[in-house]
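Read off the chains here:
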Amino acid sequence: MINEKMYALGSTRSKIRELFEYGKQLSQKIGKENVFDYTLGNPSVPCPEEVTNVIVNEVKNPSIHGYTSAQGTIEVRKAISDYNLNRYGFKLDPDLTYMTCGAAAGLAITLRALISSPSDKVLTFAPFFPEYKVFTENAGGSLVYAKCNEVFDIDFESLEETICPEVQAIIINSPNNPSGTVYGEDTVIKLAKFLEDKQKEYGHAIYLITDEPYREILFDGAVCPFIPNYYDNTVVCYSYSKALSVPGERIGYVSVSPKAENAQKLYLAIAGAGRSLGYVCAPSLFQKVVELCVDKVSDSQVYKDNRDVLVSNLEKLGFDCVNPKGAFYVFMKSPIESAEEFSDVAKTFGILVVPSDSFGVKGYVRFATCVSPDLIKRSLPALEKLAKHFNLI
Ligand code: PLP
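This text gives an overview of the structure that appears in the document. Nothing here was measured: the structure is a model prediction, and the numbers come from that model.

Next up on the list: the site of the ligand. Neighbouring residues of the ligand: 13 residues in total, closest A103, D211, Y214, S239 and R250. Contact distances for the ligand include 2.6 Å between a nitrogen atom and a side-chain N or O atom of D211. The contact in question runs from an oxygen atom of the ligand to an N or O atom on the side chain of R250, over 2.7 Å. Contact with the protein chains removes 91% of the 390 Å² of surface that the ligand exposes when unbound. Looking at the shell around the ligand element by element, the count peaks at three residues for helix α5 (residues 102-114).

If you want it as structure tokens, here you go:
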């Protein structure tokens, strides 16, 4: 018998992928220059030169293609620990760090390690990365979500209403996809205190999983607090996909805070989850790249410039959006109730934007701003027609 759950996952595309594929077909019909594809979060800036140099040099070494130990080489794990100590003053333990195929694999195995009963729940905040639901359900639990406030910061009232003793883990994502919100220190301190109180009330650990692929993409002096400095039961899920512009190479890590309850057991359960899924080890060439380029990041200036141009023009046209402080997305309020319908109308003007429903909120659309500045410029007349269509100007 074929597994129906897996069949359902494999035979349906995410809304983002669906729109991206539609864009390719539309380009063939009306010409690439008339399609303004704001769907995919694929970094548009090249990786740092040092990354290219390491790749070119390392591929000459035949042993680079060999298996590494399941958790990754000790050299890369030490480099990560030293880097974070230097940057954030917190020592992640190389022996509690596990190299993964990006944040997606890191999240999937961490959730597997933390969910042990069908009644277990994982809590996150809407809007959220849609795959959280897939990973949580596949690990045997269920995802619940609290609301954010109007600027997409944590709504603590909604959190209080949503949390329950079955919640084993909370996922936060800052800078956020899709809202671009960066949680400030006040929010993090409040969240840490809230969770510490709840742990005491429920009598068990609540692990905070920090999904941080956009940690380096910050604007206007925003600072992204390093969560292990504030909350002991933290598991960092980091990815180099966006920071080094290498999403197709699949490299990241999970690191359990050495201060976490049962840190060693949790780490071994994460390793066991990786083993059970057949991950074997993270790509060895890219472990080397991270070891040698651990302090490098792609230049994110273009994301800021794109944000500035897009947000100011959308506002001029009468649209309403929150100015993102990080990541490379602009989350805009749909001028009509249904974001799906708005996205469909936008399509007729060649503009492809993702409706917010799959992110767990209604009434918004997401623009990915990791596009060429030229695409934004060329899309302005189409955005103007769209605004006119909805009588905004
Ligand atoms: N988490 C968030 C919030 C993301 O936006 C993405 C990718 O876009 C991921 C996780 C997965 O990233 P990775 O390529 O590291 O698996």
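We now examine the packing of α5 against helix α6 (residues 131-138). As a packed pair, α5 and α6 sit with axes 8 Å apart at the nearest point and diverge in direction by 35°. As α5 packs across α6, the resulting crossing turns out to be right-handed. When α5 is examined against α6, the residues A104, L107, A108, L111 and R112 are found in contact with a partner set consisting of Y132, F135, T136 and N138.

Among the secondary structure elements, S255 is positioned in strand β8 (residues 252-256). Of the residues examined, S255 reaches a relative accessible area of 0% and is grouped as buried. A polar contact of 2.8 Å, which involves the side chain of S255, links it to the side chain of T97. For S255, the residues in contact, after removing those within four places along its chain, are L92, D93, L96, T97, T234, V235 and V236.

A few words on the packing of aromatic side chains. Considering all chains together, one arrives at 21 aromatic pairs under this definition. Positioned above the aromatic ring of Y22 is the side chain of K347, whose terminal nitrogen or guanidinium carbon lies 4.5 Å from the ring centre.

Parameters at a glance
Residues numbered from 1 in each chain as written. Predicted model: local features only at pLDDT ≥ 70, side-chain atom pairs only at ≥ 80, totals over all residues. Heavy atoms only, no water. Near = heavy atom within 4 Å. Polar contact = N/O pair within 3.5 Å; in protein donor to acceptor, adjacent residues only side chain to side chain. Areas by Shrake-Rupley, 256 points an atom, 1.4 Å probe, with all protein chains shown as cover. Helix = DSSP H or I, 4+ residues; strand = E, 2+ residues; numbered from the N terminus. Axes fitted to C-alpha atoms, helices over the stretch in contact; angles between N-to-C directions. Left-handed = near helix turned anticlockwise from the far one by under 90°. Contact = heavy atoms within 4.5 Å. Buried < 20%, exposed > 50% of the residue type's maximum accessible area, 1.4 Å probe, protein only. Phe/Tyr/Trp six-rings, centres within 6.5 Å; stacked < 30°, edge-to-face > 60°. Lys NZ or Arg CZ within 6 Å of the ring centre and 35° of its normal.

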